[in-house]
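Topology and contacts: notes
In case you want the letters, here they are:
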Amino acid sequence: MSHPPTTPSHRAKSRLSRRGVIGAAGAVAAGAAVTPMVFAATESDGSTTSTTSTASTAGTKTEKFPATRTKEAGGAGAATVAFPVNYVGLRWTGEQDGAGIRFADAWQDVKGDGCAGANLDGAGTALLAAPNATAYDVKAPAGATDVRSLAIDTTGGPQRSAAVPADTTRVRGVAYLSRAAWGADESLRFKADGAENSPTKYYPAQVLTVHHTDTPNGDPDPAATVRAIYQYHAITNDWGDIGYHFLIDEAGRIYEGRYSGDDGIPAHDKDGNVVTAFHTGGYNSGNLGIALLGTLVDQGPTDAARSSLVRLIAVLTRFHGLDPQAKVTYVNPVNGVTKDVTTVGGHRDWMATDCPGATMYALLDDVRKAAARP
């Protein structure tokens with residue numbers, strides 16, 4: 001059973017080192033025959049991570065992150081915030097169309113069926129950029145109930161210290177930021193009574209799904225956006241964690257997403273099974289979700305982001321023995337529901353949504369081919 005850490009730690013008391021497991025993953029990607037035993041044969045540094053300590057433990061270094069500040073408001077209408085915010089998360093019960101938000105003079109329509117909203121039945125949700133806003137107005141769809149908004153500031157809060165890995169963490173040469181390294185507050189995964197909101201469950205990987213986050217392009221602070229998405233998914237949508245297994249920014253940096261336990265390799269347990277996340281409603285178990293930061297409707301990903309996406313998909317599919325271009329029948333291991341898809345697909349292959357954006361979706365065939373190359 002998981003407990004909220006008194007000194008928050010994502011990888012405390014790991015039974016194996018991240019570098020050992022990821023090295024094994026690299027061997028798989030290179031074509032080596034590696035059995036699940038690689039997950040049980042390496043050393044641990046036994047380090048812990050604290051958001052308050054300024055002393056680094058073995059294998060870590062201390063970095064500072066702004067603590068996330070939030071203010072929740074109920075119902076439609078005007079809301080004010082005592083500090084500038086960079087995002088507002090909305091959620092309501094009812095029709096997905098007809099919502100809106102205003103930060104200055106002009107109203108903007110809110111798509112309740114975007115990447116996150118498509119995963120909800122009978123409800124809508126969206127995360128809206130709000131650069132330095134201190135006030136906003138919410139318009140709910142006709143007949144909507146349980147309208148809630150959460151103003152989120154992930155850049156201007158008081159500084160907090162965290163121990164992050166001292167060495168670059170990599171997946172077959174592709175560097176990625178661990179949860180600690182992008183400033184994840186692990187306490188968000190727990191309810192007020194100390195119970196984990198969404199306990200980890202693991203299943204063999206069957207497919208991978210590509211998303212876009214529907215956030216602004218040209219993001220000057222992508223790590224802050226990842227923290228905002230985490231807050232929005234975990235708290236506004238009550239999923240208890242960020243919904244994706246990995247995220248990729250426009251510079252090609254890869255971010256570890258959904259918490260996966262203390263086994264060392266992101267998104268997996270010690271036996272190589274995939275932790276269930278929250279990116280494709282009804283089809284999450286055994287489905288790896290990768291989100292590209294930005295809005296990829298009228299433009300595609302940057303070359304750096306696309307390159308990282310291809311390399312990450314190549315590593316993951318080879319590790320799990322999957323063909324990125326194959327037509328497969330996904331079988332939900334929880335309830336037996338099936339769906340015919342391609343091993344690597346887009347969110348819209350599963351349900352009615354524009355995710356991962358029309359331009360990105362049109363590129364998926366090329367991404368599959370590139371990932372399948374030896």
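Described below are features of the structure shown in this document.

Thresholds, definitions, all that
Residues numbered from 1 in each chain as written. Predicted model: local features only at pLDDT ≥ 70, side-chain atom pairs only at ≥ 80, totals over all residues. Heavy atoms only, no water. Helix = DSSP H or I, 4+ residues; strand = E, 2+ residues; numbered from the N terminus. Buried < 20%, exposed > 50% of the residue type's maximum accessible area, 1.4 Å probe, protein only. Contact = heavy atoms within 4.5 Å. Areas by Shrake-Rupley, 256 points an atom, 1.4 Å probe, with all protein chains shown as cover. Phe/Tyr/Trp six-rings, centres within 6.5 Å; stacked < 30°, edge-to-face > 60°. Lys NZ or Arg CZ within 6 Å of the ring centre and 35° of its normal. Salt bridge = Lys/Arg side-chain N within 4 Å of Asp/Glu carboxyl O. Lys, Arg positive; Asp, Glu negative; His and termini not counted. Polar contact = N/O pair within 3.5 Å; in protein donor to acceptor, adjacent residues only side chain to side chain.

**With respect to the overall build of the chain**
Along the backbone of the chain there are six helices and 19 strands. The buried share among the 374 residues of the chain stands at 54%. Taking as baseline every contact in the chain between residues at least 6 positions apart, the subset at least 24 positions apart corresponds to 75%. Accessible surface for the chain amounts to roughly 15200 Å². Of this, 50% is attributable to carbon and sulfur atoms.

**Here's the deal with the packing of aromatic side chains**
One pass over the structure, following the stated rule, counts six aromatic pairs. Plain terms: the ring middles of Y330 and W350 are 5.2 Å apart, the flat faces sit at 90° to each other, and that makes the pair edge-to-face. Linking Y330 in strand β17 (residues 327-331) with W350 in the loop between β19 (344-346) and α5 (358-362), this pair joins segments that are 20 residues apart in sequence. With respect to class, Y330 is no different from W350; both count as buried. Ring pairing ties together the aromatic residues Y283, Y330 and W350, which thus form one cluster. Seen from the ring of W107, K139 lies directly overhead, with NZ or CZ sitting 5.4 Å from the centre. Geometry around Y259 places R189 over its ring, the cationic atom sitting 3.6 Å from the centre.

**Digging into the pattern of salt bridges**
Across all of its chains, the model carries 15 salt bridges by this definition. Here D366 makes a salt bridge to R306, at a shortest N to O gap of 3.9 Å. A residue pair is termed long-range when its members are at least 10 positions apart, and D366 in helix α6 (residues 364-372) and R306 in helix α4 (residues 303-319) qualify at 60 residues. By relative accessible area, which is 38% here, D366 ends up partly exposed. Taken together, the shared-partner salt bridges connect R179, E186, R189, E196, D241 and R258 into one network.

**Considerations on the side chain of D219**
Looking at the secondary structure, you find D219 in the loop between β12 (207-212) and α3 (222-236). Buried charge without a partner: D219 forms no salt bridge, and the closest opposite charge is R253, 8.4 Å away. There is a polar contact of 2.5 Å between the side chain of D219 and the side chain of T225. Those residues within four positions of D219 in sequence are excluded, and the remaining contacts are Y87, T225 and E250.

**Examining unusual backbone geometry**
In this model, C355 is joined to P356 through a cis peptide bond whose omega is 10°. Summarising the element assignment, P356 is placed in the loop between β19 and α5. Here the phi dihedral of D146 falls at roughly 50°; this positive angle occurs in a residue that is not glycine. If you trace the backbone, D146 turns up in strand β7 (residues 145-153). A positive phi is found at D238, a non-glycine position, where the angle reads about 60°. For D238, the position within the fold is in the loop between α3 and β13 (246-248).

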